[in-house]
Each structure stands twice: as structure tokens, then as C-alpha cells.
Amino acid sequence: MFKSFFLNRRWFHWSILGSVLILSVTWYKVQLDVRINEWFGTFYNLIQEALSEPNSVPFEQFQDSCIDFLYIALIYIVVAVLLEFFIRHYVFRWRTAMNDYYVSHWGKIRHIEGASQRIQEDTMRFARIVESLGVSFMRSIMTLFAFLPILWVLSENVTELPWIGEVAHSLVYLAILSALFGTVLLAVVGIKLPGLEFNNQKVEAAYRKELVFGEDHAERAEPESLRELFSNVRRNYFNLYRHYLYFDIAKWSYLQGAVIVPYIALGPTIVSGAVTLGVLQQIIRAFGKVEDSFQFLVNSWSTIVELMSIYKRLKGFEEQIDLAIEAEKSAATG
């Protein structure tokens, strides 16, 4: 899964240099986010000034502020589009590396149930998900490094928390506690999901295999056998849906509740008029960025579950290859 791409000199330019390029451009996108956050502070202060006193802000000044945003947004769009284009090629090269490795050992693994699916489908899904999660994780780390100092400074404007009182740099601690609570909550609630996803793929592979045999052999894929196999698929899916029901209840309840947390924390500050509208927007956006960074596992849990299931299948696949290679070596030396 990894050595065929990252430890193969053939793919050095894509695996190593390509990864460095992806991370570098991702960091640049985070810096653009920081610039946008600064723009929001200036822009909303301008709006507050214009609303508080009619005609106090010339239209040209308002227009220039909007043009500044369009300039940053245009750069962001171009960078994002080019990065996504490169990533799609990157993922396909990774899939190609895995595909070439597995195909070179096809004679040793063709007897494994679902072998064709693992080579054709799982390699593609594995490369795509690992790349996506990897970039998302690194972006979360980079966003944290970029916005945590900003939130730390902006928290000085928050004089006290409701029901608690004065806490220095309170919003930083609140973002960490909020994300930690959601991560632990979903990890506990979703602990059964990886195993259920793995079992689900097993029954899907059995059903697919019988259908494939039925294409070439008239005696295979009889209605009775297909009905039984599909019944297993149906039973596993319904079981999975039931577990995802309470997982989704916990997930969406937490995510929606987290939206109001910074506003509640800023309640005394807002009521006392201790900050301007622009500073308030900067605080809310910085808090959201920091909280989102800490919520990586919360937002990615369903994808991680899928990846764990794919990893289990490919890991079993590679173990069979290793066993076959060891058996060949033993036979050659014996």
C-alpha cells in the first residue's frame, strides 16, 4: 500500500516531490485564509462605521475594500483548482504503483475471494482516501499554527466568560475543550463501525463473485443462491444503518451545538460593547478555524472508518503475498 509508491524510485518525483508540492501549496492556501480573516475585520469595521453615521464612508472606499477581497479570492480559486488537478494525477499514480505490485503477484493471490475487486477498486479508494485524509490532516495542523496565535491575541478582548468569570485567553481553551469533547464522543459512539464496514465488504464480495461466475457458467448464480447471498448483504447493510443512526445523532447534535459555543462565550463581551463588529468577526472566524483544526477526527470519522475497512482487506491481501513468497523461498532452499 505504501512501499510500492513511496519506496519505489520509479515514483520518486510523484511520491516525494509531489507530496512536498501538495503540502507547500496547502500552506499557501492557509496563508490566504489568514489574509481573508484580516480582511473581514477591516471590512466589518467599515460597515459598522457606515451604518452608525450616514455618508461617513465614501462609496469608493467601500468598493476598494470589496475589490481587495476579490483579488484574494481569485488567487485562492486559481491555486485551489490547480492543486485539485495535480492531486487527481497524484492519486492515480499511487493507484498505478499498487496495481503494478499486486498484478505482478497475481498468480499467488488469484484464489483469494474478491481478489479482482481489491486490485481494481480498493487500490483506487485507498489512494484517494489516504491522500484526502493526509492533506486534510496537514491542513488542520497548518491552520492551527496559523490561527492559534491570532486567536490567542484576539482572546485578550474577551474580558470574561458567562457563569465562570475572567479566564485569560479563554477562547483558546474553549476551542480545545469543545473539539476534545466531540472527538471522544464520536470515538466512543462509533467504535463498532470499522468492523461492521469490514463485514459489509465481505458479503458484498461474496455476492459479486457469484454474479461473475454466473456470467460464464450456467450452473452458477442460481436464483436461490443469489437470494441467500443478497439476503446477507441486506442484513449487514440494515445493521450498519442502525449503528450509523445513533452515530449521526451524536455527530450532528455536537456539530450544531458547537456553532453557538463562541457566541455564548462572547455574550458578556458583546453585551458590554467591548469589541467592534470587525473584531467580533475576526474572533468568530479565528475560533472556527482553530476549532475545526482540533475537530479533524470529528469531521473525518466516517471516512476513517471506510479507510480502516479497506486497509484490513488490503493488509490481508499482502499477507497472502508475503506467505507465498516465503513458501517459494523455502522450496528453493529446501
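Residues numbered from 1 in each chain as written. Predicted model: local features only at pLDDT ≥ 70, side-chain atom pairs only at ≥ 80, totals over all residues. Heavy atoms only, no water.

Considerations on the overall build of the chain
Stated formally: A run of DSSP states H or I qualifies as a helix once it reaches four residues; a run of E qualifies as a strand once it reaches two. Both are numbered from the N-terminal end. Our radius of gyration looks at C-alpha atoms and nothing else; its globule reference is 2.2 Å times the residue count to the power 0.38. Burial classes follow relative accessibility: with a 1.4 Å probe on protein chains only, a residue under 20% of its type's maximum area counts as buried, one over 50% as exposed, and anything between as partly exposed. Should any heavy atoms of two residues lie within 4.5 Å, those residues are counted as being in contact. Reported accessibility uses the Shrake-Rupley method at a 1.4 Å probe radius. Residues are deemed covered only where the shown protein chains occlude them. Under this rule, positive means Lys or Arg and negative means Asp or Glu; His and the chain ends count for nothing. The location of each charge is read from NZ of Lys, CZ of Arg, CG of Asp or CD of Glu.
A count of helical and extended segments in the chain gives eleven helices and zero strands. Starting at the N terminus, the α and β elements of the chain follow one another as α-α-α-α-α-α-α-α-α-α-α. For the chain, the C-alpha radius of gyration of 26 Å lies well beyond 20 Å, the compact-globule estimate for 334 residues. Each principal axis of the C-alpha atoms in the chain carries an extent, and together these give about 85 × 45 × 40 Å. For the chain, the residues scored as buried account for 41% of the 334 residues in total. In the chain, once contacts between residues fewer than 6 apart in sequence are set aside, the share between residues at least 24 apart is 81%. Only carbon and sulfur atoms are counted for the fraction: they give 63% of the accessible area of the chain, which is about 18800 Å². The chain carries 30 positive and 34 negative side-chain charges, and their two centres are separated by 9 Å.

Describing the nonpolar core
To keep things clear, this is the line we draw: We call a set of buried residues a nonpolar core when its members are Ala, Val, Leu, Ile, Met, Phe, Trp, Tyr or Cys and they connect through side-chain atoms within 4.5 Å of each other. Here the limits of each domain have been adopted from an automatic or database domain assignment.
The biggest cluster of nonpolar side chains holds 41 residues, and the ones touching the most others in it are Ile22, Tyr90, Trp94, Tyr102, Phe126, Leu193 and Phe247. When contributions to this core are tallied by element, the ones reaching two or more residues are helix H3 (59-104), helix H5 (115-154), helix H6 (170-189), helix H7 (193-216), helix H8 (223-265) and helix H11 (296-333). Looking at this core, the element that brings in the most residues is H11, giving ten residues. Looking at which domains feed residues into this core, each of domain 1 (1-157 + 297-333) and domain 2 (158-274) gives three or more. The residues touching Phe247, leaving out its near neighbours within four places in the chain, are Leu186, Val189, Gly190, Leu193, Trp301 and Ser302. With 23 residues, the next largest nonpolar core counts Val34, Leu144, Phe147 and Val290 among its residues.

Quick word on helix H10 (residues 277-294)
Test applied: Expected helix span is taken as 1.5 Å per residue step, with the number of steps being one fewer than the number of residues.
The first and last C-alpha atoms of H10 sit 26 Å apart over 18 residues, in line with the 26 Å expected at 1.5 Å per residue. For H10, the set of buried residues is Gly278, Val279, Leu280, Gln282, Ile283, Ile284, Ala286, Phe287, Val290, Glu291 and Ser293.

So, the environment of Asn157
With respect to the helices and strands, the residue Asn157 is situated in the loop between H5 and H6. Taking the C-alpha atoms as reference, Asn157 lies 27 Å from Lys29; in sequence the two are 128 residues apart. Residue contacts for Asn157: discarding those within four places in its chain leaves Thr269, Val275, Val279 and Ile283.

Focus on the domain arrangement of the chain
To keep things clear, this is the line we draw: We define buried area as the total accessible area lost by two parts upon association, computed with a 1.4 Å probe and summed across both.
By domain assignment, the chain separates into domain 1 (1-157 + 297-333) and domain 2 (158-274). For domain 1 and domain 2, the distance between their C-alpha centroids amounts to 20 Å. Across the boundary between the two partners, domain 1 contributes 22 residues, which contact 29 residues of domain 2. Here domain 1 packs against domain 2, burying approximately 2200 Å² in sum over the two surfaces, 65% of which is carbon and sulfur.

Section: the UniProt feature "transmembrane region" (unreviewed entry) in the chain
To keep things clear, this is the line we draw: UniProt positions are given in the numbering used here, feature names are shortened, and annotations may be inferred rather than shown by experiment.
UniProt records the feature "transmembrane region" (unreviewed entry) for residues 12-30, 69-87, 133-152 and 172-193 in the present numbering. The distance separating the terminal C-alpha atoms of residues 172-193 is 32 Å; by composition the span is 86% helix and 0% strand.

A look at the packing of H6 against H8
Quick note on the threshold: Helix axes are fitted to C-alpha atoms over the stretch in contact, other axes to C-alpha atoms as well, and angles between N-to-C directions run from 0 to 180 degrees. The labels follow the angle: roughly parallel below 35 degrees, roughly antiparallel above 145, roughly perpendicular from 65 to 115, and oblique for the rest. Residue classes follow a fixed rule: Ala, Val, Leu, Ile, Met, Phe, Trp, Tyr, Cys and Pro count as nonpolar, while Asp, Glu, Lys and Arg count as charged, and any other residue, Gly among them, counts as polar.
Interaxial distance between H6 and H8 falls to 10 Å at its minimum, and their mutual angle equals 175°. Between H6 and H8, the angle falls in the class roughly antiparallel. Residues Leu171, Leu174, Ser178, Ala179, Phe181, Gly182, Leu185, Leu186 and Val189 of H6 lie in contact with H8, whose contacting residues are Tyr246, Phe247, Ala250, Lys251, Tyr254, Ala258, Val261 and Ala265. Classifying every residue of the contact of H6 with H8 gives 14 nonpolar, two polar and one charged.

As for the side chain of Lys29
One can find Lys29 in helix H2 (residues 12-52). Each residue touching Lys29, except ones within four places of it in the same chain, is listed here: Tyr76, Val79, Ala80, Leu83 and Arg139.

Let's talk about the side chain of Ser4
Here Ser4 is to be found in helix H1 (residues 3-6). According to the relative accessible area criterion, Ser4 is buried, its value standing at 10%. Filtering out sequence-adjacent residues up to four positions away, Ser4 remains in contact with Trp11, Ala97, Met98 and Tyr101.

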